[in-house]
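# Structural characterization, general
For reference, the chains in residue letters:
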Amino acid sequence: MKRKMKIILTYILLSVIFCSSCGDKSRSVAVNTSYEPPEESFCEITALDLDTGEEGAKEVAFSEEDGVCDITEGGTYVLKGDYEGQVRIDAKEYPVHLILENARVKSYHGPALHILSASKVVLTAKEGTENEFQDSPDYGQAGDANGCIYSETDVSINGTGSLLIYGNKKSALSTKGCVKVLEGKIGVQSKKDGIRANDGIFLSPEELEVKSEGNGIVTRKSGKDGKGFLEACGGKISVVAGKNAVLSAGDLFIRDCSLTLKGILSDYSCEGELKIQKGCIANE
């Protein structure tokens, strides 16, 4: 009888503790059903991240000479229509809000959206619209750029429209800062990583579908201030990847969402703390 009680108590304890380190890429983990997110997150959600307003917006156009749309000042801009070229943002320390209204951009020389500088860039997929970015297999003089949407700073995505991102050469969405997917129906396909960020990733979309030949959703930089964390806390997320479906260089938090993860190497893996709310991984 005592032995049976000991087994039962052991099982209960295991069901409420977390894996504190998961560098072994384990697909099996105990979960805590009362998990709450930390009070502070490295990728802070601000009013600008959630802004979908068009007041004072300027409609941007592509140069007929080189097929480039240059945005060199902070502010709100509207991009609509089909283009063969590249959107290039170089706004120094100012934020840029880019509203997508049935915008389809196909680049023949590297990234379709190349963000060289800004304090942050917010992409709004306008309600009822379908938007698409597609890069080129030829990156030529694109420098360090390694994605269809490539940024040196934070990128946020909001709005209730749809956005498709195709990485025909490298990653689909890649940034040296944070990626925040806060709304919308987002589709990602890539030759390498689907969504890649150095500092952190925050996911709360309506729907997010990632198909990649490399890692699906990945952070690369861990260290001070919680960098490298990955948090999914809303929506329906599906990832199919040739390597790891979800890979975090820091902590990995999953709650209040539904994830279907299929990776050749692992479904999810992290180098920091792992917290998964029971029932969030749909295919377990």
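Described below are features of the structure shown in this document. Nothing here was measured: the structure is a model prediction, and the numbers come from that model.

### As for the sheet that holds strand β18 (residues 217-219)
Strand order in the open sheet formed by 9 strands is β2-β4-β6-β9-β12-β15-β18-β21-β24, with parallel pairing between adjacent strands. On the outer flanks of this sheet lie β2 (68-71) and β24 (266-270), each paired with one strand and no other. Strand-to-strand twist across the sheet, computed as the mean angle between neighbouring axes with direction ignored, equals 15°. Where strand β9 (residues 147-151) lies against strand β12 (residues 171-175), 4 bridges are found, and the strand directions are parallel. Among the inter-strand pairings, S151 is bridged to a residue of β12, identified as T175.

### Here's the deal with the side chain of T76
By the element assignment, T76 lies in strand β3 (residues 75-84). Classification of T76 by relative accessible area gives buried; the value is 17%. T76 has contacts with G53, G56, A57, K58, H97 and I99, leaving out every residue within four places of it along the chain.

### A look at the pairing of strand β17 (residues 207-212)
For a regular strand, side chains alternate in direction, first toward one face of the sheet and then toward the other. Residues L208, V210 and S212 line the buried face of β17, whereas the alternating positions E207, E209 and K211 sit on a face that is not buried. Judged from the 6 bridges that link them, strand β14 (residues 185-190) and β17 form a sheet pairing that is parallel. Residue pairing for β17: G187 is matched across the bridge by E209. Strand direction decides the pairing type here: β17 and strand β20 (residues 236-241), joined by 6 bridges, are parallel. Considered in β20, the bridge of V210 is made with V239.

### Things to note about the pairing of strand β7 (residues 121-125)
By the criterion of burial, β7 is predominantly enclosed, with 5 of the 5 residues buried. Here β7 shows no split at all, with V121, L123 and A125 on one side and V122 and T124 on the other all buried. Here strand β5 (residues 96-106) pairs with β7 via 5 bridges, running parallel. In the strand pairing of β7, V96 is matched with V121. In terms of strand pairing, β7 meets strand β10 (residues 155-158) through 4 bridges, oriented parallel. Among the inter-strand pairings, L123 is bridged to a residue of β10, identified as I157.

Rules of the game
Residues numbered from 1 in each chain as written. Predicted model: local features only at pLDDT ≥ 70, side-chain atom pairs only at ≥ 80, totals over all residues. Heavy atoms only, no water. Pairing = 2+ DSSP bridges. Helix = DSSP H or I, 4+ residues; strand = E, 2+ residues; numbered from the N terminus. Axes fitted to C-alpha atoms, helices over the stretch in contact; angles between N-to-C directions. Buried < 20%, exposed > 50% of the residue type's maximum accessible area, 1.4 Å probe, protein only. Contact = heavy atoms within 4.5 Å.

Scope: geometric values only; no functional claims are made or implied.
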